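Take a look at the letters that make up each chain.
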Amino acid sequence: RAKSFRSWLQYLQKTDRLAVIDKEVSLQFEVAAATKKLDGIKASYFTNVEEYEIPVVSGICSTREQFAEALETDQYAILSKFSEAVSAPVECRHVEKRQAPVKENIILNDINLDLFPIPVHHEKDSGKYITAGLFIVRDPVTRKQNVSIHRLQISGKDKLGVLLLPRHTFHLYKQAEEAGRPLECAIAIGVDPITLLASQASTPFGVDELEIASALREEPLEVVRCETVDIDVPACAEIVLEGKILPKVREPEGPFGEFPKYYGPRGEKEVVQITGITHRNNPIFYTIVPAGYEHLLLGGIPREASLIQTVRQTVPTVKAVHMSPGGTCRYHAIISIKKRNEGEGKNAIIAALANSFDIKHVVVVDEEVDIFNTEEVEWAIATRFQADKDLLVIHGTQGSKLDPSTDDGYGSKMGFDCTVPLNSEPMRYKRIYIPGFDDMNIHDYIN
Ligand code: FMN
């Protein structure tokens, strides 16, 4: 069901989680607004987008349950399944161009991105943005590909502005630029939800996220070589833009409404020159509305998979981790542990802060607290935490540059150890309980 974008849409439709919107909608805010109204409830499929024959889809995975369904597992096993795939990637399978749906239409001349219905999402955005393209580049030395998602501003009919934060794609681009070369890239829009999630894996440099997608899918992902660049892309993608990031060229990009629900600033950014376009017959354009659950969870789940492993190295009894949506699924980590030794709560905080520079606040609770229930977590902070001994503050650290309360990322970190002291006398932290409550069916008592 999650092997291609289209099969996933069919599955959502069959299970009544796809809202087909036939009313004419504007690309300017209206697509984003309707998608946001349905966020976490249904995916949206806009059949009638102003001046376009091509439909727009958004919100294809906006709950944790949907990611679990795509991965054919349950919510609690997502992280272990994801971690296993990251540690054992599987090679993709190359297919002939004639077997690849994405090659049904090939455009090499008169490239014009106006062909596609690309939305403007938020009030102060600088213009139209592609937000859901897998950005694929290749390391010329190892020939391994790297996959991520980057916001892409439409800067001209064949030109995109791109935000490359200092991670793997940026590193490969800098290497190329220092050698005076462009970095070839391909942008695959409309891929299955598993491949989308795999693109967000936190991996060591040199791991190809498409191979992680193959491991997660439990069968090799079919890929096909591009027309104008030496890059392999998912053969079933709806649309592929081929191009190169130009060396020594920077142009204005932004502002753009980002995942923390603030605007990332306008600045001089790298530029992608488009050299070719391929797309399926009757392509569907896919967009992610920034800061929606789809965006947050896509980043959050792979981060959780990496976080639990890091914490486990220090506190083997870690039970669960949660990057909560209120913390943008990036800045807040909530961790439950079975504390066996005094001090392990603080050790878990330190491990979590070391896992990712994005993590800013950590809450550690005992294993019986449901960390996916924010009221339970707040209750643990309210009743199991004293600031003079349970608070850890670290000043002068690097965090997310998109957190407006930092000075370009420079700020502070904090951890709350809300675990109960091991030597506390038994009644002091005993939760109140009404015997029989759990097994009671209230409908046996009311009409
Ligand atoms: N990372 C960026 O550097 N720039 C972006 O504009 C950007 N936009 C994103 C948009 C979405 C919808 C999502 C889900 C993620 C975005 N990211 C962006 C995060 C990267 O795709 C992600 O951190 C990725 O794992 C980086 O991969 P890499 O370390 O292999 O380069």
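Residues numbered from 1 in each chain as written. Predicted model: local features only at pLDDT ≥ 70, side-chain atom pairs only at ≥ 80, totals over all residues. Heavy atoms only, no water.

Caption draft 1: View of the overall build of the chain. Counting secondary structure elements, the chain contains 11 helices and 23 strands. A buried classification covers 55% of the 447 residues belonging to the chain. A fraction of 70% describes how many contacts in the chain between residues 6 or more apart in sequence connect residues 24 or more apart. Counting only carbon and sulfur atoms, one obtains 51% of the accessible surface of the chain, whose full area is about 20,400 Å². Looking at charge distribution, the chain has the averaged site of its 51 positive side-chain charges lying 2 Å from that of its 64 negative ones. (Helix = DSSP H or I, 4+ residues; strand = E, 2+ residues; numbered from the N terminus. Buried < 20%, exposed > 50% of the residue type's maximum accessible area, 1.4 Å probe, protein only. Contact = heavy atoms within 4.5 Å. Areas by Shrake-Rupley, 256 points an atom, 1.4 Å probe, with all protein chains shown as cover. Lys, Arg positive; Asp, Glu negative; His and termini not counted. Charge placed at Lys NZ, Arg CZ, Asp CG, Glu CD.)

Caption draft 2: Looking closely at the packing of aromatic side chains. In total, this model carries 5 aromatic pairs according to the counting rule given. Relative to Y11, the ring of W8 has its centre 5.3 Å away and its plane inclined at 35°; by these criteria the two rings are tilted. Taken together, the positions of W8 and Y11, both in helix α1 (residues 5–14) and 3 residues apart, correspond to about one turn of that helix. Y11 matches W8 in its accessibility class, with the two residues each being buried. Ring centres 4.8 Å apart and planes at 45° place the aromatic pair F385 and F416 in the tilted group. (Phe/Tyr/Trp six-rings, centres within 6.5 Å; stacked < 30°, edge-to-face > 60°.)

Caption draft 3: Representation of α1 in the model. By the burial criterion, the buried members of α1 are F5, W8, L9, Y11 and L12. Buried residues of α1, seen end-on, are gathered within an arc of 160° and therefore sit on one face of the element. Exposed residues lying more than 90 degrees from the buried face of α1 are Q10 and K14. Phi turns positive, to about 60°, at D16, one or two residues after α1. (Arc of directions from axis to C-beta.)

Caption draft 4: Representation of the site of the ligand. Around the ligand, a shell composed of 20 residues is seen, among which I149, R151, L163, L165 and R167 lie nearest. Between L165 and the ligand, the recorded distance is 2.9 Å, taken from a backbone N or O atom to an oxygen atom. Elements supplying a minimum of two residues to the shell around the ligand: β8 (145–149), α5 (168–178) and α8 (293–314). Counting residues per element, the shell around the ligand draws most heavily on β8, which supplies 4 residues. (Near = heavy atom within 4 Å. Polar contact = N/O pair within 3.5 Å; in protein donor to acceptor, adjacent residues only side chain to side chain.)

Caption draft 5: Geometry of the pattern of salt bridges. Counted under the stated rule, the structure contains 34 salt bridges. A salt bridge links R6 to E238, with the nearest nitrogen and oxygen atoms 2.7 Å apart. Of this pair, R6 sits in helix α1 while E238 sits in the loop between β13 (232–234) and β14 (239–253), and the two are 232 residues apart along the sequence. Between K389 and D390 there is a salt bridge, with its nearest N and O atoms 3.7 Å apart. The structure contains a network of salt bridges with shared partners spanning R138, R143, R225, D230 and D232. (Salt bridge = Lys/Arg side-chain N within 4 Å of Asp/Glu carboxyl O.)

Caption draft 6: Up close: the environment of G127. When you line up the elements, G127 lands in the loop between β5 (105–107) and β6 (129–130). On the basis of relative accessible area, G127 is assigned to the buried category, the value being 18%. For the pair G127 and I434, spaced 307 residues apart in the sequence, the C-alpha separation amounts to 57 Å. When sequence neighbours within four positions are dropped, the list of residues in contact with G127 reads P119 and V120.

Caption draft 7: Local environment of the domain arrangement of the chain. Its domain assignment divides the chain into domain 1 (5–283) and domain 2 (294–417). Once you take the C-alpha centre of each, domain 1 and domain 2 turn out to be 29 Å apart. Listed as interface residues are 24 residues of domain 1 and, on the opposing side, 22 residues of domain 2. Together, the buried faces of domain 1 and domain 2 total about 2,200 Å²; carbon and sulfur atoms form 72% of this surface. Interface area lost by domain 1 to domain 2 is led by R64, L79 and F259, which between them contribute 35%. (Domains from an automatic or database assignment. Buried area = accessible area lost by both parts, 1.4 Å probe.)

Caption draft 8: Spatial organisation of unusual backbone geometry. P255 follows G254 through a cis peptide bond whose omega is 0°. Within the secondary structure, P255 sits in the loop between β14 and β15 (256–257). In the Ramachandran plot, D16 falls in the positive-phi region, its phi being about 60° despite a non-glycine side chain. One non-glycine residue, F29, lies in the positive phi region at around 70°.

Caption draft 9: Quick peek at α5. Within the span of α5, buried status applies to T169, L172, Y173, A176 and E177. Buried residues of α5, viewed axially, fall in a sector of 135°; they line one side. Check the buried side of α5 and you find it contacts β7 (133–138), β8, β11 (183–189), β14 and β17 (267–279). The positive-phi residue at the C-terminal boundary of α5 is G180, with phi of around 75°.

Caption draft 10: Fine view of the pairing of β7. Counted residue by residue, β7 has 6 buried out of 6 residues, so it is predominantly covered. Side-chain alternation along β7 places G133, F135 and V137 on one buried face and L134, I136 and R138 on a second face that is also buried. Relative to β11, β7 is paired through 5 bridges, and the arrangement is antiparallel. Residue pairing across strands places G133 opposite I189, the latter belonging to β11. Pairing of β7 with β8 involves 5 bridges; the strand directions are antiparallel. Its bridge partner being in β8, L134 is matched across the sheet by I149. Counting the residues in the hairpin turn of β7 and β8 gives 6 residues, including R143, whose phi is positive at 65°. (Pairing = 2+ DSSP bridges.)

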